[in-house]
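Residues per chain, in single letters:
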Amino acid sequence: PESIRHANNGGCLPIHIAALVSKSPEFCRLLIEAYPGSERMAGPLGMLPIHCACMGNTVAAVEYLYNLYPAGINHAAAGREEVYPIYLAISSMVGRNKADPEAAVDIVKFLLGCDARVKLQRQIQGLLSLSAFAFTYLQDYNDTNIGAALEIIKAIYDAHPQAIESDEIASLIVICHPQLQALINSQLVYSRQARDSRQLSTPDDNGQLPLHTALQNNVTLGSIKLLVEGY
């Protein structure tokens, strides 16, 4: 029926609305089967259905839409900010209609695991990296989402640990939640060790190198990556 192909005054097809508000991928499946190819169609501000699903905070819908159109996670929506799906998943945790924090974490981890290019995406005409964006947006903390915010930062750090010493992070850390500051400062220790070849190769009194100690201390995967690369 023509209603499947009708865009409202805001430019939304039914699939965009379903991806945004539905808590089951079955709504998206029904609409896409009735209108094949609509998973690739841009709606408001150039957003694909997968952008809407990331905003809507539904993990199953994001996974379903990704499997239909994997290239969508690297599609920047039109407009001044050039928004990628992962940015919308992060920003869904803040604002008036806060999403389920754990679902946001799962979506971010899923998208990072799908394509290595996601960790390098930049927003606002290339001016803001993913890690800096996460710091900026995840300042609206309370007891319900601080744990999820830390998980998102850890996931981004594990995917792209080199970003920890960027000028962007250095300028933002002072305004972040104390728990986030503590996380980053604790990982900076290993980042600096990784850049010191002498320290990396000098055993302590127990014959252990920094890599041994870091593994024993159960540090993040990102820090282990830096220490391994440092060797």
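As the structure is a prediction and not an experimental result, all values here were calculated from the model.

Conventions and cut-offs
- Residues numbered from 1 in each chain as written.
- Predicted model: local features only at pLDDT ≥ 70, side-chain atom pairs only at ≥ 80, totals over all residues.
- Heavy atoms only, no water.
- Helix = DSSP H or I, 4+ residues; strand = E, 2+ residues; numbered from the N terminus.
- Expected span 1.5 Å × (residues − 1).
- Buried < 20%, exposed > 50% of the residue type's maximum accessible area, 1.4 Å probe, protein only.
- Core = buried A, V, L, I, M, F, W, Y, C linked by side-chain atoms within 4.5 Å.
- Salt bridge = Lys/Arg side-chain N within 4 Å of Asp/Glu carboxyl O.

### Thoughts on helix α8 (residues 146-159)
- Taking 1.5 Å as the rise per residue, α8 with 14 residues should run 20 Å; its terminal C-alpha atoms sit 20 Å apart, in good agreement.
- Of all the positions in α8, only I146, A148, A149, L150, I152, I153, A155, I156, Y157 and A159 are classed as buried.

### Comments concerning the nonpolar core
- Counting 65 residues, the largest nonpolar core has I86, I90, L112 and I184 as the members making the most contacts within it.
- The dominant element in this core, judged by the number of residues it contributes, is α8, at nine residues.

### A word on the pattern of salt bridges
- Inspection of the entire model under this criterion finds five salt bridges.
- The salt bridge partner of E151 is K109, with a shortest N-O separation of 3.4 Å. With E151 in helix α8 and K109 in helix α6 (residues 101-114), the pair connects residues that are 42 residues apart, well separated along the chain.
- Connected via shared salt-bridge partners are K109, E151 and K154.

### Concerning the environment of A149
- Its location among the elements puts A149 in helix α8.
- With 30 residues separating them in the primary sequence, A149 and Q179 have C-alpha atoms 9.9 Å apart.

### What about unusual backbone geometry?
- One non-glycine residue, L45, adopts positive backbone phi at about 60 degrees.
- Along the polypeptide, L45 turns up in the loop between α2 (25-34) and α3 (49-56).
- Given a relative accessible area of 64%, L45 falls into the exposed group.
- Here N218, not a glycine, exhibits a phi torsion of approximately 55 degrees, which is positive.
- Relative to the helices and strands, N218 is located in the loop between α12 (210-216) and α13 (221-230).

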